[in-house]
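# Structural features, examined
Chain residues, written in single-letter form:
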Amino acid sequence: MDKKGIVISIISGFFFIAAFIILSMLLSKDTDGCSNPASTVNTAKEELSATDCSDTEIDMDDIYLNELVSGTDNGRIYPNPEECVNVVWEEKDIIAYYGNHLVPPYIPSGLQESPQNGTQEAVFSNTGEIWEDTVWLNFFHDYYDDGSPKLTEDISAVKGFYLNASKIGLLTNYCITGTANEIKASNIGKTSVFIGYQSMEYGPYDSDTHKPSGYYDMYVFQFALNGIEYELVFSQIELEEAVKVVSSIIYGKNM
């Protein structure tokens with residue numbers, strides 16, 4: 001082979017390698033746009049019996065858990081604060097915009113709705129375009145005077161769940177990891193629900209070893225229904241109870 005042929009072969013090899021790298025990077029993206037921080041996702045299928053709730057059967061064999069990355073930094077970017085206006089929504093405004101008050105029909109025993117759930121804040125442009133419509137609802141075992149959820153006495157963490165909803169695109173606080181082939185969707189009715197699980201540490205921490213006092217379970221549910229994106233985050237709540245809450249939203253009735 002002459003020198004010209006060798007050069008062409010080398011250049012072709014470089015193009016092939018570059019194309020392979022780009023393709024690999026594209027395939028490493030997960031379904032919700034979060035970068036894949038791990039090479040492998042261990043999806044776990046819960047070995048739980050079917051739970052019969054009223055006339056609706058929830059098959060826990062259809063519930064899958066994926067890995068979860070917490071603390072993603074998300075926020076909407078507004079062009080200019082002088083070009084927008086904050087509007088306080090009361091319950092009637094939320095119902096008018098979303099079609100319902102977004103409170104799940106089923107709330108686990110021992111949890112109570114936050115007194116601050118009745119009002120939300122939306123952001124509109126000066127021309128009337130909605131720039132922020134996210135509704136945050138809290139359902140925890142108790143609250144401090146300022147309305148924030150109380151920590152439990154035995155475990156230094158909140159107990160309950162919060163719900164986020166948006167029609168213009170939800171800014172999730174948690175990223176369910178994995179490639180498109182590794183993330184498993186759970187089927188509740190005809191709705192695909194993505195569930196992430198993380199074992200969370202709680203303090204106080206040992207001054208010498210820095211080990212936590214223990215761990216508690218956190219589950220994150222993400223799904224879309226009737227043009228609304230939902231994210232529900234459960235802390236110290238059994239998986240079966242969390243599934244009932246989400247199922248009550250999807251089926252539109254108390255479980």
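Note that this is a predicted model, so its numbers are computed, not measured. (Residues numbered from 1 in each chain as written. Predicted model: local features only at pLDDT ≥ 70, side-chain atom pairs only at ≥ 80, totals over all residues. Heavy atoms only, no water.)

A count of helical and extended segments in the chain gives 3 helices and 15 strands. Expressed as a percentage of its 255 residues, the buried residues of the chain come to 40%. Taking as baseline every contact in the chain between residues at least 6 positions apart, the subset at least 24 positions apart corresponds to 66%. Of the roughly 14600 Å² of accessible surface on the chain, a fraction of 52% belongs to carbon and sulfur atoms. (Helix = DSSP H or I, 4+ residues; strand = E, 2+ residues; numbered from the N terminus. Buried < 20%, exposed > 50% of the residue type's maximum accessible area, 1.4 Å probe, protein only. Contact = heavy atoms within 4.5 Å. Areas by Shrake-Rupley, 256 points an atom, 1.4 Å probe, with all protein chains shown as cover.)

The step from Gly 203 to Pro 204 runs through a cis peptide bond, and the omega angle for that step is 5°. Along the chain, Pro 204 falls in the loop between strand 13 (191–202) and strand 14 (214–225). Look at His 210: it is not a glycine, yet its phi comes out positive at around 65°. Note that His 210 resides in the loop between strand 13 and strand 14.

Moving on: the pattern of salt bridges. Using the criterion set out here, one finds 3 salt bridges in the structure. Residues Lys 92 and Asp 93 are paired through a salt bridge, measuring 3.4 Å at the closest nitrogen-oxygen approach. Note that Asp 142 is salt-bridged to Lys 150, the shortest N-O span being 3.5 Å. Judged by its relative accessible area of 27%, Asp 142 falls in the partly exposed class. By relative accessible area, which is 29% here, Lys 150 ends up partly exposed. (Salt bridge = Lys/Arg side-chain N within 4 Å of Asp/Glu carboxyl O.)

Time to look at the nonpolar core. Counting residues in hydrophobic clusters, the biggest one holds 39 residues, and the most contacted among them are Leu 102, Phe 221, Phe 223, Tyr 230, Leu 232 and Phe 234. Contributing elements (two or more residues each) for this core: helix 2 (91–98), strand 7 (120–125), strand 9 (135–140), strand 10 (160–166), strand 13, strand 14, strand 15 (228–235) and helix 3 (239–251). With 7 residues, helix 3 is the single largest residue contributor to this core. With sequence-adjacent residues up to four places away left out, Leu 232 is seen in contact with Phe 161, Tyr 162, Leu 163, Tyr 219, Val 220, Phe 221, Phe 223, Val 245, Val 246 and Ile 249. In this structure, Leu 68, Ala 157, Tyr 174 and Ile 183 belong to the second largest nonpolar core, which totals 15 residues. (Core = buried A, V, L, I, M, F, W, Y, C linked by side-chain atoms within 4.5 Å.)

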